[in-house]
Amino acid sequence: MGGDILFIETSLSRSKTPRLTTTGNLGDVMKESAVLALEYVKAHASLLGIDHRVFEQWSIHVHVPEGATPKDGPSAGITIATSLASAITQRQVRDHLAMTGEITLRGKVLPVGGIKEKILAAKRAGINTIILSKENEKDIKEIPERYVKGVEFHYVSTVAEVWDIALLPQIAPDHIDITITENEQ
């Protein structure tokens, strides 16, 4: 039958004591993925063209809807990192895109399991572009053609490659101004 897709939402709010909040009935491994993703984004703020001081003045909330359903595992690492990058840069994420992959503290994208089920769930949801770890390419080659027909796959090794594919140059229409002024130093 296939698996399910998860949506990842990230919001920012001004705060004198910034913190990361995660909600949505997440297990320990998924919470760790969120912390890891945030640390990677912080360490690579210059890659995203953002002022590192934003992390000193804005709290970050990562939410995975359908809180009644328990969620755990490292597969959402690249998705969380992309959601964080999108929120902090205010850039839009490409439509009809799904991704799966664990990340390391240095930004390497690791393979995950259950690829066939994840592909089936993505197709049912109308997804036509999927980002996976380069090491999962062999799994796609084992799936019958009828299940992968019409889906474009991008195989990546790093989080930076994910962002190159997923993040559009356009600023979100409902963006917020997170500019740090000299008075706020």
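See the structure above.
Definitions and limits used
Residues numbered from 1 in each chain as written. Predicted model: local features only at pLDDT ≥ 70, side-chain atom pairs only at ≥ 80, totals over all residues. Heavy atoms only, no water. Helix = DSSP H or I, 4+ residues; strand = E, 2+ residues; numbered from the N terminus. Polar contact = N/O pair within 3.5 Å; in protein donor to acceptor, adjacent residues only side chain to side chain. Contact = heavy atoms within 4.5 Å. Axes fitted to C-alpha atoms, helices over the stretch in contact; angles between N-to-C directions. Parallel < 35°, antiparallel > 145°, perpendicular 65-115°, else oblique. Left-handed = near helix turned anticlockwise from the far one by under 90°. Nonpolar A, V, L, I, M, F, W, Y, C, P; charged D, E, K, R; others polar. Phe/Tyr/Trp six-rings, centres within 6.5 Å; stacked < 30°, edge-to-face > 60°. Buried < 20%, exposed > 50% of the residue type's maximum accessible area, 1.4 Å probe, protein only. Core = buried A, V, L, I, M, F, W, Y, C linked by side-chain atoms within 4.5 Å. Pairing = 2+ DSSP bridges.

Observations regarding the side chain of T100
Then, in step 1: Within the secondary structure, T100 is located in the loop between strand 5 (97–99) and strand 6 (102–103).
Then, in step 2: Side-chain polar atoms of T100 contact the backbone oxygen of S75, separated by 3.3 Å.
Then, in step 3: Apart from the residues within four sequence positions on either side, T100 is in contact with S75, I78, V112, I115, K118, I131, L132 and S133.

So, the packing of helix 1 (residues 28–43) against helix 4 (residues 77–89)
Then, in step 1: At a closest axis distance of 9 Å, the pairing of helix 1 and helix 4 adopts a crossing angle of 45°. Classed by the angle they form, the pair helix 1 and helix 4 counts as oblique. Seen along the crossing, helix 1 lies across helix 4 with a hand that is right-handed. Facing helix 1, whose interface residues are M30, S33, A34, A37, L38 and V41, helix 4 presents G77, I80, A81, L84, A85 and I88.
Then, in step 2: For the contact of helix 1 with helix 4, the per-class residue count stands at 10 nonpolar, 2 polar and no charged.

Here's the deal with the packing of aromatic side chains
Then, in step 1: The final tally for this structure, using the stated rule, is 2 aromatic pairs.
Then, in step 2: Their ring planes at 50° and their centres at 5.7 Å tell us that Y40 and W163 sit as a pair that is tilted. You can see Y40 sitting in helix 1 and its partner W163 sitting in helix 8 (residues 159–166), a full 123 residues away along the chain. Both residues of the pair, Y40 and W163, count as buried.

Comments concerning the nonpolar core
Then, in step 1: One finds F55, I60, I80, L84, I88, I131 and W163 to be the most contacted residues of the largest nonpolar core, which totals 40 residues.
Then, in step 2: Where this core is concerned, the elements lending two or more residues are helix 1, helix 2 (45–48), helix 3 (54–57), strand 3 (58–63), helix 4, strand 5 and helix 8.
Then, in step 3: Of all the elements, helix 4 adds the most residues to this core, at 7 residues.
Then, in step 4: Excluding anything up to four places from it in sequence, I88 contacts L12, V41, I50, V54, F55, I60 and I178.

Here's the deal with the sheet that holds strand 9 (residues 152–156)
Then, in step 1: Strand order in the open sheet formed by 3 strands is 5-8-9, with parallel pairing between adjacent strands. Here the strands that pair on one side only, and so sit at the sheet edges, are strand 5 and strand 9. Between one strand axis and the next, the sheet turns by 20° as a mean value, whatever way the strands run.
Then, in step 2: Note that strand 5 and strand 8 (residues 129–133) share 3 bridges and pair parallel. Within strand 8, the residue paired with L97 across the bridge is T129.

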